[in-house]
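Letter by letter, the chains look like this.
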Amino acid sequence: VTARILSLDSDEHRTAQELLPWFVNGTLSAAEAASMENHLAHCSRCQGDALEQARLRAAGADIEARGDVDRDWAMLRSRIEASRHSAAPVLANSKLRWWKGWLPFAVAVQTAVLLALTLMLVTTPHDERYRTLGTTPAAIEPNAVVVFRSDATNQQMRDALHAAGARIVGGPTVADAYLLRLTTVSPGALAQLRAQPSVLSVEALQGGATR
Amino acid sequence: MADQMRSAVSRMLDVLSAEQRCVLVLTYFHDLPYAEIARIVDCPVDTVKTRVFHGRRRLRAMLGDDAQGRS
């Protein structure tokens, strides 16, 4: 007869204690089960534990354990999720992670564009004059007035104006006179215009009538 | 006796932490191997063994107290 004395603190006993629940439920590998059987053959402590766990297993067979497992698993899942979020506040979505990487660059570009637009706005000169659609350019000041003969044709009138270098800037008035702007108001210019056959009279507005 | 054991176990399981209760139930009442339990609860195999070991010890202590209380 051989006998073995094992310390309860030995590695073999500790390993057997850890594996005992799965020896009882019959899910150990063949090698592990064989090792457990060898240990149980001479360890009264583990033999007692094995019987105790067999009773526990038998008792639990009638307990509606499935609901408990689901509840416990839900709790574990929530804890795991909570610990993951608290340990590293990472963005779960890959698109968001991509956006997070580009966010500083996008903000920098937007800021640069805004600064450029602001500079353009500040440095561009503005025409502050107030204009309306009815505003007309300043009227040309007439410097002579002419009265054409009543039988003068349009062609004759145009020839006279071209020859004197004059243009009509107003008229006809109630007396059928036309206001003219002569390039130069000189006696010679007035005399030249007066010599035209279509002209009845010419008068310089500053100097008075000369005919 | 079996009914007493059953009710005691059910009551004591509620006292355990969720981690211990989960691995004990999967081990004793669902007969799952430790590797499968580790995969289910997403932790190392050694952690499963440790949780079952300590959970078992707490159960044994509570059952002992319960037996003394009844006697």
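Residue positions are given per chain, counted from 1 along the sequence in the order it is written. Working convention: letters from A go to chains and numbers from 1 go to ligands, in the order in which they are written. In keeping with the model being predicted, local features are shown solely for residues with a pLDDT of at least 70 and side-chain atom pairs are shown and tallied solely at 80 or more, while totals for entire chains, interfaces and linings include all residues. Neither water nor hydrogens contribute to the side-chain values; these are computed over all heavy atoms in the structure.

Draft legend 1. Looking closely at the packing of helix H2 (residues 18-29) of chain B against helix H3 (residues 34-41) of chain B. All names here are of chain B. All axes here are fitted lines through C-alpha atoms, helices being fitted over the stretch that makes contact, and every angle between N-to-C directions spans 0 to 180 degrees. Every helix listed is a DSSP run of H or I at least four residues long, and every strand listed is a run of E at least two residues long, numbered separately from the N terminus. H3 packs onto H2 with a crossing angle of 140 degrees between their chain directions and a minimal axis gap of 10 Å. With respect to H3, the axis of H2 lies oblique. Viewed along their axes, H2 and H3 form a crossing whose handedness is right-handed. Residues Cys22, Val23, Leu26 and Thr27 of H2 touch H3, and the partners they reach there are Ile37, Ile40 and Val41. Residues belonging to the contact of H2 with H3 are distributed by class as follows: 6 nonpolar, 1 polar and no charged. Orientation is classified from the angle alone, with under 35 degrees giving roughly parallel, over 145 giving roughly antiparallel, 65 to 115 giving roughly perpendicular, and any other angle giving oblique. Crossings are assigned a handedness: left-handed for a near helix turned anticlockwise from the far helix by less than a right angle, right-handed for a clockwise turn. Should any heavy atoms of two residues lie within 4.5 Å, those residues are considered in contact. Three categories are distinguished: nonpolar for Ala, Val, Leu, Ile, Met, Phe, Trp, Tyr, Cys and Pro, charged for Asp, Glu, Lys and Arg, and polar for the others, with Gly belonging to the last.

Draft legend 2. Local environment of the state of the cysteines. All names here are of chain A. Note on terminology: disulfide denotes any pair of cysteine sulfur atoms within 2.5 Å. Evaluation of the coordinates by the stated rule reveals 0 disulfides over all chains. For Cys43, which is in no disulfide, the shortest distance to another cysteine sulfur is to Cys46 and amounts to 3.6 Å. Relative accessibility thresholds used throughout: buried, under 20% of the residue-type maximum; exposed, over 50%; partly exposed, between the two (1.4 Å probe, protein chains only). The class of Cys43 is buried, set by a relative accessible area of 7%.

Draft legend 3. Geometry of the pairing of strand S2 (residues 166-170) of chain A. Residue and element names in this part refer to chain A. Pairing analysis gives 4 bridges linking S2 to strand S3 (residues 177-182), with the strands arranged antiparallel. Across the sheet, the residue bridging to Ile168 is Leu180, located in S3. When DSSP finds at least two bridges between two strands, those strands are taken to pair. With antiparallel pairing between neighbouring strands as the criterion, S2 and S3 make up a hairpin whose turn holds 6 residues, including Gly171 at a positive phi of roughly 100 degrees.

Draft legend 4. Structural view of the packing of helix H1 (residues 11-24) of chain A against helix H2 (residues 30-40) of chain A. Residue and element names in this part refer to chain A. At their nearest, the axes of H1 and H2 sit 10 Å apart, and the two run at 115 degrees to each other. For the pair H1 and H2, the crossing hand works out as left-handed. Between H1 and H2, the residues in contact are Glu12, His13, Ala16, Leu19, Leu20 and Phe23 and Glu32, Ala33, Met36, Glu37, His39 and Leu40, respectively. Across the contact of H1 with H2, the residue classes break down as 7 nonpolar, 2 polar and 3 charged.

Distances and angles like these do not, on their own, reveal function.
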